Every structure is written in C-alpha cells, then in structure tokens.
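Understanding the architecture of this molecule
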Amino acid sequence: MADIIYTYGGSAYLNITNACPCRCKFCIRNNGDSVGEATTLWFDKHSPTIEEIKNAIDGFDFGKYNNSVILCGYGEPTCALDNLIEACKYMKSKGIFIRLNTNGLSDLINKRETAKEICEVIDSVSISLNAPTAEKYNEITQPSFGEKAFDAMLGFAKECKEFGIQTKLTVVDVISEEDIEDCKKLCEEIGIPLRVREYSAD
Ligand code: SF4
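Conventions adopted
Residues numbered from 1 in each chain as written. Predicted model: local features only at pLDDT ≥ 70, side-chain atom pairs only at ≥ 80, totals over all residues. Heavy atoms only, no water. Helix = DSSP H or I, 4+ residues; strand = E, 2+ residues; numbered from the N terminus. Expected span 1.5 Å × (residues − 1). Contact = heavy atoms within 4.5 Å. Near = heavy atom within 4 Å. Nonpolar A, V, L, I, M, F, W, Y, C, P; charged D, E, K, R; others polar. Pairing = 2+ DSSP bridges. Axes fitted to C-alpha atoms, helices over the stretch in contact; angles between N-to-C directions. Phe/Tyr/Trp six-rings, centres within 6.5 Å; stacked < 30°, edge-to-face > 60°. Lys NZ or Arg CZ within 6 Å of the ring centre and 35° of its normal. Buried < 20%, exposed > 50% of the residue type's maximum accessible area, 1.4 Å probe, protein only.

1. Some details on helix α2 (residues 81–92)
With 12 residues, α2 should cover 16 Å at 1.5 Å per step; its first-to-last C-alpha distance of 16 Å lies within 8% of that length. On its buried face, α2 sits against β2 (11–14), α1 (50–58), β3 (68–71), β4 (97–102), α3 (106–110) and α4 (115–119).

2. Here's the deal with the site of the ligand
Every residue lining the ligand is accounted for by C20, C22, C24, C27, R29 and N103. Broken down by class, the residue content of the shell around the ligand amounts to 4 nonpolar, 1 polar and 1 charged.

3. Focus: the sheet that holds β2
Strand order across the open sheet formed by 7 strands is β1-β2-β3-β4-β5-β6-β7, with mixed pairing between neighbours. Both outer strands of the open sheet, β1 (5–8) and β7 (194–197), are each paired with one neighbouring strand and no more. Across the sheet, the mean angle separating the axes of adjacent strands is 30 degrees when strand polarity is ignored. Bridging between strand β5 (residues 124–128) and strand β6 (residues 166–172) involves 5 bridges; their strand directions are parallel. Paired with V125 across the two strands is T167, which belongs to β6.

4. Here we look at the packing of aromatic side chains
Scanning all chains against the criterion turns up 6 aromatic pairs. In this structure an aromatic cluster arises from ring pairing among Y6, Y8 and Y13. Between the NZ or CZ atom of K54 and the centre of the ring of Y90, over which it lies, the distance is 5.1 Å.

5. Describing the environment of A80
Tracing the sequence through the fold places A80 in the loop between β3 and α2. Owing to a relative accessible area of 13%, A80 belongs among the buried residues under this scheme. Between the C-alpha atoms of A80 and D3, which are 77 residues apart in sequence, the distance is 16 Å. When neighbours within four sequence positions are excluded, A80 is seen to be in contact with I16 and T17.

Pasting the structure below:
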C-alpha cells in the first residue's frame, strides 16, 4: 500500500487517490513514484478505503506539523470526493486545519456542483490556474474535458471565495513571464490572490 499520509518540506500531506482527468506537462508524477519522505505514492491495487484513511489519520502525529494537513496528489483529491468529505470531517473533529490543493475541476469530475460541500469541510483551497486563457490552459493541463475545463475551474474558484474560505489560485513558473503577468491581471479582476509556485522536479 502506498503512503496515505506523507511529509514533505515540513508539511503533512494526505494522498487519497491517483486518479486525475488531466495530464499537466509539469506534473510531478512524471518524475518519480514519490516526493519528500514518502516511499511510494502510487496505489498498486486500489485507492484507499475510508477505513484505511481514518487509520492513517489516527496513526499520524499532526501536532508535529502545526496540526494541519494538505490534501494533494498523487492524483486529484476530488476524484475521491466521498472519501475526501468524510476524511475532512474526521480531521475537523480532531481540530486539524485543512488545505485542499486541487485542479478545480471537481464539478466536471463529479458531474454536479460540489464547491459548497467541499468548502464546508476545509479551511483553505489552492486551485491550479496554470495559464491565463482557455487555449493555453488546455495546452499545459491537457484536461479530458476539453475547452470547458478552464471556465469550470475559474467558476469553482469564485464559488470557493464566495463560500468564505481562504482561496488562492496558483501557477507554476514554467510558463512565460508574459503569461504570469496575464494571470496576475486575471486574478486581480476576480479578486482572488495568485501564488506563483517555483517548479520542483522532486
Ligand atoms: S492536476 Fe495535478 S495530479 Fe493531475 S496531472 Fe495536473 S499536476 Fe498532475
């Protein structure tokens, strides 16, 4: 079984699925089987059950990590929405601060509106903007949903902001300076802060 909880750069991460509808050109999964202190993050037979996730939560000392966790990889967490919601409720009951790192495509993945139920169980969300236009987004993110993905991602981000949780959009600095500037303008227009992440191959 792959690591359900792993640590990297002084933070704790929860890995609940390897599924993802995208093939981002910069995806860290292209570079290896794990990051940070993890052994492997690829689940060989099946994604973890909620019981396995809860057991991992019970066996981990979040106190060493500011009592906080980041839901992130090795896949898109909202592909396992039921387990995500249940695991977050369980961690909330333990007072753990929860950030979700997501591609923002949950509504398309789950074929319904999902921002409200997700925002009710997390504290903070970081959504991959990746590019300033739908065309450039599709080029770099390669979502299985085609052209509608960019607008769906932006709509999800706006809803998260409206539901009152800490909301950020992110780009990785593998795109051009000009595109980063255009992303900044877009984020200013919609009133959501942008974080420019440094690309890391490990
Ligand atoms: S959305 Fe995340 S997990 Fe999916 S391909 Fe892109 S970087 Fe990788």
